[in-house]
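Architecture and fold: a report
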Amino acid sequence: MPKPDIHQLEERVLALIGEFRRLKDENQELSRQVDQLNGEKETLVEEQNLSQGTKDRLSQLESLDQKNEKDRKIMRTKVKALLENLQKFDLA
């Protein structure tokens, strides 16, 4: 091979090595970003699960509150009826 061809080949090889290193660095940075995004995803999934659990618990508590309100109304009615019966009993 003549000298100019070897010189051109060396330049091209050096350019390829430089590009390889740049791509390798870029790949490492992208891998770090992917790892970071995966960590954030896991955190968000955990938060979503906690949020769903909280929503479910809130729904249960709301249902229980409605049931308790119905029970309170029934108890008030019964207590009122008992008090009226006691007043009638005292008068008799």
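Our focus in this paragraph is the overall build of the chain. Assigned secondary structure in the chain consists of 1 helix and 0 strands. For the chain, whose C-alpha radius of gyration is 39 Å, the value lies well above the compact-globule estimate of 12 Å for 92 residues. Summarising its shape, the C-alpha atoms of the chain cover approximately 135 × 10 × 10 Å along the three principal directions. Out of the 92 residues in the chain, the part that is buried amounts to 0%. Accessible surface for the chain amounts to roughly 9,000 Å². Of this, 58% is attributable to carbon and sulfur atoms. Measuring between centres, the 17 positive side-chain charges of the chain sit 10 Å from its 19 negative side-chain charges.

Moving on: a nonpolar patch on the surface. Together, L9, V13, L14 and I17 make up an exposed nonpolar region whose accessible area comes to about 350 Å². Considering the arrangement of structural elements, one finds L14 in helix 1 (residues 3–91).

Secondary-structure assignment places L23 in helix 1. Accessibility expressed as a relative area gives 44% for L23, which makes it partly exposed. Spatially, the C-alpha atom of L23 lies 15 Å from that of Q33, the residues being 10 residues apart in sequence.

Mapped onto the elements of the fold, F20 is located in helix 1. By relative accessible area, which is 56% here, F20 ends up exposed. Separated by 51 residues in sequence, F20 and D71 have C-alpha atoms that sit 75 Å apart.

Let's shift gears to the pattern of salt bridges. For the structure shown, the criterion picks out 6 salt bridges. The salt bridge partner of R72 is D65, with a shortest N-O separation of 3.9 Å. D65 gets classed as partly exposed once you look at its relative accessible area, which sits at 47%. One connected set of salt bridges, linked through shared partners, spans E19, R22 and E26.

Cut-off values and rules
- Residues numbered from 1 in each chain as written.
- Predicted model: local features only at pLDDT ≥ 70, side-chain atom pairs only at ≥ 80, totals over all residues.
- Heavy atoms only, no water.
- Helix = DSSP H or I, 4+ residues; strand = E, 2+ residues; numbered from the N terminus.
- Rg over C-alpha atoms; globule rule 2.2 N^0.38 Å.
- Buried < 20%, exposed > 50% of the residue type's maximum accessible area, 1.4 Å probe, protein only.
- Areas by Shrake-Rupley, 256 points an atom, 1.4 Å probe, with all protein chains shown as cover.
- Lys, Arg positive; Asp, Glu negative; His and termini not counted.
- Charge placed at Lys NZ, Arg CZ, Asp CG, Glu CD.
- Patch = residues over 30% accessible without salt bridge, like charges linked within 9 Å, V, L, I, M, F, W, Y side chains within 5 Å.
- Salt bridge = Lys/Arg side-chain N within 4 Å of Asp/Glu carboxyl O.

Shape is all these values report; function is a separate question.
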